[in-house]
Structure formats: C-alpha cells, structure tokens
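Coordinate inspection notes
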Amino acid sequence: MTSCKGLGMQLDRWGRAARAGVFLLLAFCAAGSPAQAQAQSSAGAAITRPGEHRFTLLHGGLEREYLVHVPARYRAGTPMPLVLSFHGGGGNMEIQANDRYYGLISHAEKAGYVAVFPNGFSRLRSGKLATWNAGLCCGQARDRNVDDVGFVRAVVADVRQRLSIDPDRIFAQGMSNGGMLSYRLACEMADTFRAIAAVAGTDGSPACAPSRPVSVLHIHARDDDRVLFNGGSGSASATHANFVSVPETVAKWARLNGCEAAPRRVLEVPGAWCETRAPCRGGSEVQLCVTETGGHAWPGGRKVLGGQQGSTALVANDVIWEFFSRR
C-alpha cells in the first residue's frame, strides 16, 4: 500500500480524477494537526460522535475544506448553537482551531456549541497561507474574486445536514481578515447569521444591504499596528490596504441597524472598556470593546507569530459568547 507521504508525492503525476479520489485519504493522513481531525467522505452523512471532523466540498470549481468540533454534550435531535470561526489572512483553519492561540475548542466544550473552522482560499495544496475575499482585503482571495460568501453558505448547509443545529442561533466570528469576512457575511447572509463578532478586522465590504438587522460586536486594540484603530495602512500590514477605521465601522452598523440611542458604557476594567448601542431595530445591538494594548491579536489568546500574548484585560471568547448568548 502506498504510504501517506508517497501518496502526496504522486499527486503531481496523477490526473484530476485520481487526485479527487485520494483527496480525503490525504486529509486523513494530515490529521496529526492541532485539530486532530479525521477525513470523512460521505456527503451529508450525520456526525455520530463528538470531537474533531474534517470535511471537503466543491464550490465555485474549487475544493474547499472545513473543520468541525462537536462538544461532548451534543445529542442528536437536540439543536445546538453553531459558531463559524474564520482565521486571519495568511493563516488556515488549523491555526484557528489550535487552543494554544485561540482557545476556541475548549470554549466550545465549556459553553456548549458546535464550532466550525472553514479554510480560506489558498494556492497551496496544504491550504496554508489562506485568505478571505472580504472586499477591501485580502490577497489572492480578493484578487481572484473568490466566492467566499457562497462557500460559507455551502458549509452551513452541509453542517446542518450532519448535525442538529438551531437555525436561530448561527453566529460568525473572525480574526483580522476573518473578522472582515464576518462583516461581509452580515451584509450578504443576514438571513443566516443572527450576530457576528470581529476581532482586529474592520468592515471593508464592497456593498452592504442586509435583509434584516444583524447584531455586531467589534473588539480592537488601540495599538493595533496592522489594522489601525483610526484607519489607514498599518506599519506592520502585509497588504498596506487603506483600512476602514473602527469608529467608522461601528457608526456604519449603528446606522444599518437603526440604533438611535447614544452609546452606553457596559464594561470598564483596567486596560479595556466596552460600550453598546441598544436597543436597535429588531432587537439588534452594536457593541464596541477596546483594549489599550495587545496589538494585532485575540484578547486572551496568543499571537501566532512570536507567541506573545494578546491583551489580558479581556478574554475575547467570553465577551463574544456572552454577546451571542443574548440573541
């Protein structure tokens, strides 16, 4: 039998049909990642055990992947909340699912929700160095106008075939470029997502006309050197895009959601604060949380490059879930 390593080396010599036939086997071979996922091939087959699962689907002529974490308390027939978590530009789904950096697997177990980690567009067979088409940003996904919104629709539909999901409690969250995609999903998939949370990624959507109000939580560090708090191109930015500012992003969504009340401070701790605009149309809410330090990172987590801690003034996972849980 051909080894996993040998199988991977033969892909370049095999045709497209053969490559498709072994793709899932390769995913199984790669399961020694932080997510420890196992490839599964039955289209729409129910997930029958907790833990990590890896799936592929074809969308827009591209083979795309996503990981699913099913918590131990999941029971078929009892609908659970679903949280889609999008990695940053240049990352991949396995980084986002790595508890060392984000702690999302542990949090899904503690809070009781199904966590899904889609992979962005990558020119590499490994799926690494992936980006999302969030409009203003980023990389090849943007330049090739990859249909990431359609891909996310396909992922949600596929997961709902496999698991009991509460259709009224589907949420999106993301880091940096993944946060930017979350904003685009709020614009174009308001029929699906009840609320979104963006960390260190502002709204650069090309157009925005949500079909219904979507609650928005934005988390950002004042000293972010990649996506500047007040907009523009950060000194450490790889894209040098002219990013939208945090205040402009929050004001946009307050306007879209019809938030007429003045901002109200709901949290103030050393090094961080949160303020909310509510009530808004349809019971929606727009909330902003700001940390004074932490840079371009997930509060309560660690930076992927260098391993430094993000801000410890807030734990993003807890703040986000508390926000989602009120919907």
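Now for a look at the structure at hand. These numbers come from a predicted model, not from an experiment. (Residues numbered from 1 in each chain as written. Predicted model: local features only at pLDDT ≥ 70, side-chain atom pairs only at ≥ 80, totals over all residues. Heavy atoms only, no water.)

1. Let's talk about the packing of helix 4 (residues 104–111) against helix 9 (residues 316–325)
The N-to-C vectors of helix 4 and helix 9 enclose an angle of 40°; their axes lie 11 Å apart at closest approach. The angle between helix 4 and helix 9 falls in the class oblique. The crossing of helix 4 and helix 9 is right-handed. Residues Leu104, His107, Lys110 and Ala111 of helix 4 form the contact with helix 9, whose participating residues are Asn317, Asp318 and Trp321. Its residues placed into classes, the contact of helix 4 with helix 9 shows three nonpolar, two polar and two charged. (Axes fitted to C-alpha atoms, helices over the stretch in contact; angles between N-to-C directions. Helix = DSSP H or I, 4+ residues; strand = E, 2+ residues; numbered from the N terminus. Parallel < 35°, antiparallel > 145°, perpendicular 65-115°, else oblique. Left-handed = near helix turned anticlockwise from the far one by under 90°. Contact = heavy atoms within 4.5 Å. Nonpolar A, V, L, I, M, F, W, Y, C, P; charged D, E, K, R; others polar.)

2. Considering the side chain of Ser182
Tracing the sequence through the fold places Ser182 in helix 7 (residues 177–188). Excluding residues within four positions of it along the chain, Ser182 makes contact with Phe86, Ala172, Gln173, Gly174, Ile196 and Ala197.

3. Here's the deal with unusual backbone geometry
The omega angle of the peptide bond from Cys137 to Cys138 is 20°, so this bond is cis rather than trans. For Cys138, the position within the fold is in the loop between strand 5 (114–118) and helix 5 (139–143).

4. Side note on helix 9
The element helix 9 is largely enclosed, with a buried count of seven among its 10 residues. Residues of helix 9 that are buried: Ala316, Asn317, Val319, Ile320, Trp321, Phe323 and Phe324. Buried positions along helix 9 lie against strand 4 (80–86), helix 4, strand 6 (165–175), strand 7 (195–199), strand 8 (215–221) and strand 11 (286–291). (Buried < 20%, exposed > 50% of the residue type's maximum accessible area, 1.4 Å probe, protein only.)

5. Considerations on the pairing of strand 9 (residues 264–269)
In the sheet, strand 9 pairs with strand 10 (residues 272–277) via five bridges, with the strands oriented antiparallel. Opposite Leu267, over in strand 10, you have Cys274 as the bridge partner. Joining the antiparallel neighbours strand 9 and strand 10 is a turn of two residues, in which Gly271 adopts a positive phi near 90°. (Pairing = 2+ DSSP bridges.)

6. With respect to the packing of aromatic side chains
A full pass over the atoms with the stated rule returns eight aromatic pairs. Note on Phe86 and Trp132: the rings are 5.2 Å apart at their centroids and 90° apart in plane angle, and the pair reads as edge-to-face. Here the residue Phe86 occupies a position in strand 4, and Trp132 occupies one in the loop between strand 5 and helix 5, the gap between them amounting to 46 residues. You'll find Phe86 and Trp132 in the same group, each marked buried. Aromatic rings pair up to connect Tyr113, Phe171, Trp321, Phe323 and Phe324 into one cluster. (Phe/Tyr/Trp six-rings, centres within 6.5 Å; stacked < 30°, edge-to-face > 60°.)

7. Quick look at the environment of Cys137
Within the secondary structure layout, Cys137 lies in the loop between strand 5 and helix 5. Linking Cys137 and Asp203, residues 66 residues apart in sequence, is a C-alpha distance of 9.7 Å.

8. Here we look at the state of the cysteines
Applying the stated rule across the entire model yields four disulfides. The disulfide partner of Cys137 is Cys138, and the S-S distance across this bridge is 1.3 Å. On the sign convention where negative means left-handed, the S-S torsion of about 65° between Cys137 and Cys138 marks this disulfide as right-handed. Residues Cys137 and Cys138 agree in their burial class; the two are buried. At a sulfur-sulfur separation of 2.0 Å, the disulfide partner of Cys259 is Cys280. Residues Cys259 and Cys280 are joined through a disulfide that is right-handed, its torsion about the S-S bond being 110°. Residue Cys259 is located in the loop between helix 8 (246–256) and strand 9, and its partner Cys280 is located in the loop between strand 10 and strand 11; the two are separated by 21 residues in the primary sequence. Residue classification places Cys259 among the buried residues on the basis of a relative accessible area of 15%. (Disulfide = S-S within 2.5 Å.)

9. Some remarks on the nonpolar core
One finds Val68, Leu84 and Phe193 to be the most contacted residues of the largest nonpolar core, which totals 54 residues. For Phe193, the residues in contact, after removing those within four places along its chain, are Leu84, Val152, Val156, Ile170, Phe171, Ala172, Leu185, Arg212 and Val214. Core analysis: the next-biggest nonpolar cluster, separate from the first, contains 31 residues, Ala108, Tyr113, Val199 and Ala200 among them. (Core = buried A, V, L, I, M, F, W, Y, C linked by side-chain atoms within 4.5 Å.)

10. A word on the pattern of salt bridges
A side chain of one charge can pair with a side chain of the opposite charge if their charged atoms are brought near each other. Under the defined criterion, the tally for this structure stands at 17 salt bridges. Across the pair Arg54 and Glu65 runs a salt bridge, and its minimum N-O distance is 3.3 Å. Of this pair, Arg54 sits in strand 2 (residues 51–59) while Glu65 sits in strand 3 (residues 62–70); the two residues are 11 residues apart in sequence, bridging distant segments of the chain. Here the two residues Arg54 and Glu65 agree in accessibility, since each one is buried. Between Arg153 and Asp191 there is a salt bridge whose closest N-O contact spans 3.2 Å. A residue pair is termed long-range when its members are at least 10 positions apart, and Arg153 in helix 6 (residues 148–162) and Asp191 in the loop between helix 7 and strand 7 qualify at 38 residues. A relative accessible area of 36% means that Arg153 is categorised as partly exposed. Where salt bridges share partners, they join Glu285, Glu322, Arg326 and Arg327 into one cluster. (Salt bridge = Lys/Arg side-chain N within 4 Å of Asp/Glu carboxyl O.)

Note that all results are geometric; they support no functional claim without further evidence.
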